[in-house]
Structure formats: structure tokens, C-alpha cells
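Architecture at a glance
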Amino acid sequence: MESNKGGRSEALKYIWEGAIPLQIHLHQSEVTTLPPPPPALILAPRIGYLPLLAQKIKPFFSNSLPPGVDTIWFEYNGLPLKWHVPTGVLFDLLCAEPERPWNLTVHFRGYPGNILTPCEGEDSVKWSFINSLKEAAYIINGNCKNVMNMSQSDQLELWCSIMDGNLDSYLRISSKLKLGIVVDDFSTQLNISSPKSQESTQNADGTAPAKPGRIPVRLYIRTINEDFDELEEAPVVESWDKISYINRPVEIHGDGKCFTLYDAVTKLLPELFGEKLPPKDDVSREEVEVGPRLSPEETNKSSMDQSGEMLNERIVSCSVSDGAEMKLLRIQGIEPKMEIPFAWVVNNLMNPEYFLHICVYVKIQEPITI
């Protein structure tokens, strides 16, 4: 892993500084003033979550809202957006041709509880993030004790580092979790003859890199029936039924060869690449169970259970036909080459909760009906 001062890679720095320009319109059904308010323009951090923008957006539209209780939610082209999915992932998944600014509609009334899990504001987002962090720790280490044993002050500083986009603070606190960076056998062999390289792959706290192992991955598959040559021709996603979600860890095998992104995707999508699916026991519910909450004050709240929609989905079967074609793969807004070492991808492009989010567009031939 290429590192600079403080163990921070340039790629990771760019990821944390990444933002999406949003043009946010208040839904016409909630406008009570003439003329209607202009759209709000805001930069949304890629690693952030849409509900966290409420403090900036609400004052802008407050004078135009009808009476009632505020519950913020967003939609894009009529599709309610899942609040627990990072903003950058939503953008990569729903905008085949990146739309800048990204035109979203905000609502403060009429929450679609039949589509989205309830969101109680920042607290729901925070505990969804912590729950994902525990899940990732369990996949990597076989337990999530380090996350569960975090002090309240460290918990708070970690969350504030996400809210503020403070990478230095995040690296300082997250290093205590001992989740490490990933180095495969191939990279290790390259480093044997280079003490400088060995030094650069040390963690920020001086511990050795993590051994090849299990990588927490969240894979989002957008299925498309129509063919298209240009990205702007991709059809609009009108329902979440067009998106398959797979929570399937990837294991980097220590066979001395470079384990590439192509190798990882092959294991994640054996349905697409013609390989057999792993036995169900290989990806069990136990692997992604998250354990008790970190904060005793939250034990009587329902927000954690409600905000864990993605965790409760666990593994959703991805039905990919023999005639499927992968049209696009995107991670953090990047369309990486498939031969890139997967260890580099994980170490540099993962989200702060230690999950690697991969968006894939798959073209599926519709069956011919007679």
C-alpha cells in the first residue's frame, strides 16, 4: 500500500475529500409559498449519508413547508433513496452517466414507510454505521470485540471524524480497532527485497499488515434489460426491484499469485462468470451477525433495529442468466481496470466502516416468448 506521512495513502485522501454537487428541489406538494423556493445547492461527501444533510437543507426550505412533523427523505426520478447507503454509492448506482449537479427531490412529509426503513435522524445513521463496523470486524477477525469495547469518547470521535470528513482523526481512532491493511502473498514477496516497501506497509500504529483473509464486500447489481452503447442511454431505475444486493465476503487466497479485482468479482458473481456458487455454509448468517449495541442508552430504542435494513437483508440471491454481460463496474466513482490488485482496491477504496462497496451494471437478455 502506497503511503505517506501518517500512513495515509493519496488515494484514501482523495476518497475522503470526494464530494458530489447536489441540486435539491423541495417537492411541489410541500411548497406553501409563492413563488416556490429555488433549489438548494450543496456539496455532499461521498462517504456521508443523505439524512446528515438535514441541518443544512432544512433552514433553506423551512419557510415553505406546511405544518407537521419533519421526517426528511430524498428521491431521484421518483425512486425513494435508501438512507443507510452511502451517498457516493447511490450516485454510482443510479447515475450511469454521472449527473452534475445531481438533481434530487427532498421531502419533509409523507415518509414512504412501505419502501424505506424509519429514520430518526442522525442517531439512526450513526448506529447503522456502527452496526456495519461491527459486522465488518466480525468478518475480518471472527469477532467484533474491539469495536464493542470502544470507549464512549473514541466512539464519539470516530463518528465526528465521519461527520467532519477528518481523515487524520479517523485514522488515529480506527487504528485502535486493529483491523489492519490487507497484503496478499504476492505483494509480500515483492516487499521481501525492499525494506523501504516493508516499512511503508506498516499500520499507523506500527503493527504488521493483516494477513490475506476475508474482505467485507457489499455488492450492488443493477440489472438492465435494454441494450445501450452510451452510458446516458441507460434506463432509469424506477424500483429497487431492479437492484440486487449481495453481502458476500471475499477471501484472498494465499497462493503466491496476484489476487486481482477480476478474481474478486469472479468469486462474488459466480452466476455471471460461470463458476459454481459456494455452499451455503460458506456464507452463513453467523458470519454477518453483529451482536449487541455499543451504547447501553440505545438498548431500549428501536432505531437500531429499524436502521439495519441492509444488515437484515443479508444475502439476496442474484439471478444472472447465461446471456448476461457486465456493462460497468464502479467503486468510489472510479471504473478500475480488472487486473488491478484487489488488496490495493480494498486498502484505498473502502468506506470508513471497512466495507468495500462495488456497483455493477449487468445487461441481461430477456427470454424470447413465443
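The structure this text deals with has already been given above.
Residues numbered from 1 in each chain as written. Predicted model: local features only at pLDDT ≥ 70, side-chain atom pairs only at ≥ 80, totals over all residues. Heavy atoms only, no water.

1. Observations concerning the pattern of salt bridges
Two side chains of opposite charge can pair, provided their charged atoms sit close to one another. A full pass over the atoms with the stated rule returns eight salt bridges. Notably, a salt bridge pairs Glu135 with Arg218, separated by 2.9 Å at the nearest N-O pair. In this pair, Glu135 is assigned in helix α4 (residues 122-141) and Arg218 in strand β7 (residues 217-224), connecting sequence segments 83 residues apart. Exposure class is identical for Glu135 and Arg218. Each is buried. (Salt bridge = Lys/Arg side-chain N within 4 Å of Asp/Glu carboxyl O. Helix = DSSP H or I, 4+ residues; strand = E, 2+ residues; numbered from the N terminus. Buried < 20%, exposed > 50% of the residue type's maximum accessible area, 1.4 Å probe, protein only.)

2. Let's talk about unusual backbone geometry
Of the consecutive residues Leu34 and Pro35, the connecting peptide bond is found in the cis state with omega at -5°. By the secondary structure assignment, Pro35 is in the loop between β1 (19-26) and β2 (40-45). Here the bond from Arg100 into Pro101 is cis, since omega is -5°, no more than 30 degrees from zero. Its location among the elements puts Pro101 in the loop between α3 (87-94) and β5 (102-107). At Gln332, a position not held by glycine, the phi torsion is positive, near 55°. On the secondary structure map, Gln332 appears in the loop between β10 (325-330) and α14 (342-349). Even without glycine at this site, Tyr354 takes up a positive phi of about 70°. Residue placement: Tyr354 occurs in the loop between α14 and β11 (356-363).

3. Here we look at the pairing of strand β8 (residues 243-247)
The element β8 is extensively covered by neighbouring structure, given that five of its five residues are classed as buried. Residues Ile243, Tyr245 and Asn247 point to one face of β8 and Ser244 and Ile246 to the other, with burial holding for every one of them. With five bridges connecting them, β7 and β8 associate as antiparallel partners. Across the sheet, residue Ile221 finds its bridge partner in β8, namely Ser244. (Pairing = 2+ DSSP bridges.)

4. Comments concerning the packing of aromatic side chains
Counted by the stated rule, this structure contains seven aromatic pairs. Where Phe129 meets Trp159, the ring centres are 5.7 Å apart and the plane angle is 50°; that geometry is what we call tilted. Taken as a pair, Phe129 in helix α4 and Trp159 in helix α6 (residues 152-164) lie far apart in primary sequence, 30 residues in all. An identical accessibility class is assigned to Phe129 and Trp159; each is buried. Taking the centre distance of 5.9 Å and the plane angle of 70° together, the rings of Phe259 and Phe342 count as edge-to-face. Here Phe259 is found in the loop between β9 (250-251) and α10 (261-268), whereas its partner Phe342 is found in helix α14, with 83 residues between them in sequence. By relative accessible area, which is 0% here, Phe342 ends up buried. (Phe/Tyr/Trp six-rings, centres within 6.5 Å; stacked < 30°, edge-to-face > 60°.)

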